[in-house]
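Coordinate inspection notes
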Amino acid sequence: MQARLLLQDGTLFTGTAFGAEGEKTGEVVFNTGITGYQEVLSDPSYCGQIVTMTYPLIGNYGITRDDFESVRPFVHGFVVRRHEEVPSNWRAEYSVDDLLKEYDIPGISEIDTRMLTRIIRHYGTMKAILTTSNKRVEELMEMMGNTTIEELRNQVARTSTASSYSSPGNKERIVLVDYGAKAGILRELNERGCDVVVVPHDVKAEEVRRLNPDGILLSNGPGDPKDVPHAVKTISELLGEYPIFGICLGHQLFALACGADTEKLKFGHRGGNHPVKELESGRCFITSQNHGYTVNEESVKNTELEVTHINNNDKTVEGIKHTRYPAFSVQYHPEAAPGPHDSSYLFDRFLQLIADHKAKTPVVSRQAQLAANARITAPKTNLQLEAVKGAL
Ligand SMILES: NC(=O)CC[C@H](N)C(=O)O
């Protein structure tokens, strides 16, 4: 069956359909990873985007659910040069085609993905529509134009967990704020014995305090950080109270909460080979990245933040830290998946920050904490009081 990819600038690619039949609009972006398409497909940060892989052979090792970064794929469409229908891998459960069909995601193969990538690099990220229908180009253009901003924005609410859950451990209590978190973040925390409570994107500062965390981790997530103002407010309320570590969208939200600004990159960074320089040591790390927005460097100057990492390709901000509070963040993915594991030391650094913070903070008895938390929530009825205690 034929499929077509129509870009906002009018460029039309005609290729072969795979995955689901139908139509999807999204922002078209490219990923330069040679492997890792399963993690890309299941990374919630791609929600609302049509992803093209620059590596030409995709699907050869099939799909293994154990390798997913979330419970399901969130991409709006998948574009490849060549799709391998018959996976060759003993771990493969099914093919990319089966996966896309299951989740109603259209795919297109046999198009010149190099040309597509060069267009995006030259003119910047743009909207596109991927279709298996026979609709006329004018009609498709109109459909693309009519796609409401809502459909391509506010993706965080669609990918975040609806309610809190815990992943127990016997060490530090970490509240992981899920803006569309990759499973790798939880995996890294669990490997270090952390007692993790995953909370929804719209958690209130008061609810976080009730969980009595040792530290807060702000996760990655899809879309524009400015679409999540409630998260910025919550982070600014918690700033200074607990050690904070932000990853990708979490990094951008942390920057906004500290008074810095974010802006959109021309075509973003997506892949597993992005060189990042740690300014303190002068060391270069090869990192896994997936972002379309960045923290504006100029805007950091008027805040209490300091730039700690920069991208060696385009010199954009890749890491910041607070100069007064125990809080830092990075634009890239220390949990990798897919990608090099060079930066997993950042999770250890976060735990060290927590230990240092604890050593400096006077020990508060459990009784005093209970009393303080009860005051914060000011429960009026016995039932509310029980709920507060239950949450602790
Ligand atoms: N992986 C992420 O968290 C991405 C952050 C944000 N959605 C961006 O594109 O910049």
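If you're wondering where the values come from, they're calculated on a predicted model, not measured in any experiment.

**Quick look at helix 10 (residues 249-257)**
Burial runs high along helix 10: 9 of the 9 residues are buried. What helix 10 keeps buried is the set Leu-249, Gly-250, His-251, Gln-252, Leu-253, Phe-254, Ala-255, Leu-256 and Ala-257. Phi for Gly-259, located one or two positions after helix 10, is positive at around 100 degrees.

**Some thoughts on the side chain of Glu-318**
Mapped onto the elements, Glu-318 comes out in strand 18 (residues 317-322). Buried and unpaired, Glu-318 has Lys-315 as its nearest opposite-charge partner, separated by 11 Å. Side chain to side chain, Glu-318 and Gln-289 meet in a polar contact 3.2 Å long. Side chain to side chain, Glu-318 and Asn-311 meet in a polar contact 2.8 Å long. In contact with Glu-318, other than residues within four places in its own chain, are His-251, His-269, Val-276, Gln-289, His-291, His-309, Ile-310, Asn-311, Ser-329, Val-330, Gln-331 and Tyr-332.

**A word on the state of the cysteines**
Evaluation of the coordinates by the stated rule reveals 0 disulfides. The thiol of Cys-258 is unpaired, and the distance to the nearest cysteine sulfur, on Cys-248, comes to 17 Å. The class of Cys-258 is buried, set by a relative accessible area of 15%. Here Cys-284 stays free of any disulfide, with the sulfur of Cys-248 as its closest cysteine sulfur at 18 Å.

**Section: the site of the ligand**
The immediate surroundings of the ligand are formed by 13 residues, with Gly-223, Cys-248, Asn-290, Gly-292 and Tyr-293 found nearest. Leu-249 has a polar backbone atom sitting 3.0 Å from an oxygen atom of the ligand. Side-chain polar atom of His-333 to a nitrogen atom of the ligand: 3.4 Å apart, as the coordinates give it. Against a free-state accessible area of 290 Å², the protein chains account for coverage of 98% of the ligand. Of all elements in the fold, only helix 10 and strand 16 (284-295) reach the threshold of two or more residues within the shell around the ligand. In terms of residue class, the shell around the ligand is made up of 4 nonpolar, 9 polar and no charged.

**Considering the side chain of Arg-192**
The residue Arg-192 is located in the loop between helix 7 (183-191) and strand 12 (195-200) in this model. At 2.7 Å, the side chain of Arg-192 forms a polar contact with the side chain of Glu-188.

**Considerations on the UniProt feature "binding site: L-glutamine" (unreviewed entry) in the protein chain**
According to UniProt, the "binding site: L-glutamine" (unreviewed entry) feature falls on Ser-45, Gly-221, Gly-223, Leu-249, Gln-252, Asn-290, Gly-292 and Tyr-293. Spanning 249 residues, the named residues nonetheless gather at one spot, since no C-alpha pair among them exceeds 13.2 Å. Inspection of the secondary structure assignment puts Gly-221 in the loop between strand 13 (215-218) and helix 9 (229-238). For Gly-221, the contacting residues outside a window of four places in its chain are Ser-45, Tyr-179, Gly-180 and Leu-249.

**Observations concerning the nonpolar core**
Within the largest apolar cluster, 36 residues are counted, with the highest numbers of intra-cluster contacts made by Tyr-179 and Phe-254. With 6 residues, helix 10 is the largest single contributor of residues to this core. Within the second largest apolar cluster, 21 residues are counted, among which are Ile-185, Val-196, Phe-245 and Phe-347.

**Comments concerning the pairing of strand 12**
Burial of strand 12 is extensive: 6 of the 6 residues sit out of reach of the surface. Burial along strand 12 is two-sided: the face carrying Asp-195, Val-197 and Val-199 and the face carrying Val-196, Val-198 and Pro-200 are both buried. Relative to strand 12, strand 10 (residues 165-167) runs antiparallel, the two sharing 3 bridges. When the bridges of strand 12 are listed, Ser-167 appears paired with Val-196. Relative to strand 12, strand 11 (residues 173-178) runs parallel, the two being bridged by 6 bridges. If you follow Val-175 over to strand 12, its bridge partner there is Val-197. Crossover handedness for the path strand 11 to helix 7 to strand 12: right-handed.

**Observations concerning the pattern of salt bridges**
Evaluation of the coordinates by the stated rule reveals 21 salt bridges. Between Glu-110 and Arg-81 there is a salt bridge, and its shortest N-O distance comes to 3.5 Å. Of the two residues, Glu-110 is situated in the loop between strand 8 (106-109) and helix 3 (113-123) and Arg-81 in the loop between strand 6 (77-79) and strand 7 (82-83); the sequence distance between them amounts to 29 residues. A relative accessible area of 41% places Glu-110 in the partly exposed class. With relative accessibility at 35%, the residue Arg-81 sits in the partly exposed group. Among the salt bridges present, the one from Glu-188 reaches Arg-192, with a minimum N-O distance of 2.7 Å. Take Glu-188: its relative accessible area is 10%, and that puts it in the buried class. Judged by its relative accessible area of 17%, Arg-192 falls in the buried class.

The rules we used
Residues numbered from 1 in each chain as written. Predicted model: local features only at pLDDT ≥ 70, side-chain atom pairs only at ≥ 80, totals over all residues. Heavy atoms only, no water. Buried < 20%, exposed > 50% of the residue type's maximum accessible area, 1.4 Å probe, protein only. Helix = DSSP H or I, 4+ residues; strand = E, 2+ residues; numbered from the N terminus. Lys, Arg positive; Asp, Glu negative; His and termini not counted. Salt bridge = Lys/Arg side-chain N within 4 Å of Asp/Glu carboxyl O. Polar contact = N/O pair within 3.5 Å; in protein donor to acceptor, adjacent residues only side chain to side chain. Contact = heavy atoms within 4.5 Å. Disulfide = S-S within 2.5 Å. Near = heavy atom within 4 Å. Areas by Shrake-Rupley, 256 points an atom, 1.4 Å probe, with all protein chains shown as cover. Nonpolar A, V, L, I, M, F, W, Y, C, P; charged D, E, K, R; others polar. UniProt positions renumbered as here; feature names shortened; annotations may be inferred. Core = buried A, V, L, I, M, F, W, Y, C linked by side-chain atoms within 4.5 Å. Pairing = 2+ DSSP bridges. Right-handed = clockwise from strand over helix to strand, strands pointing away.

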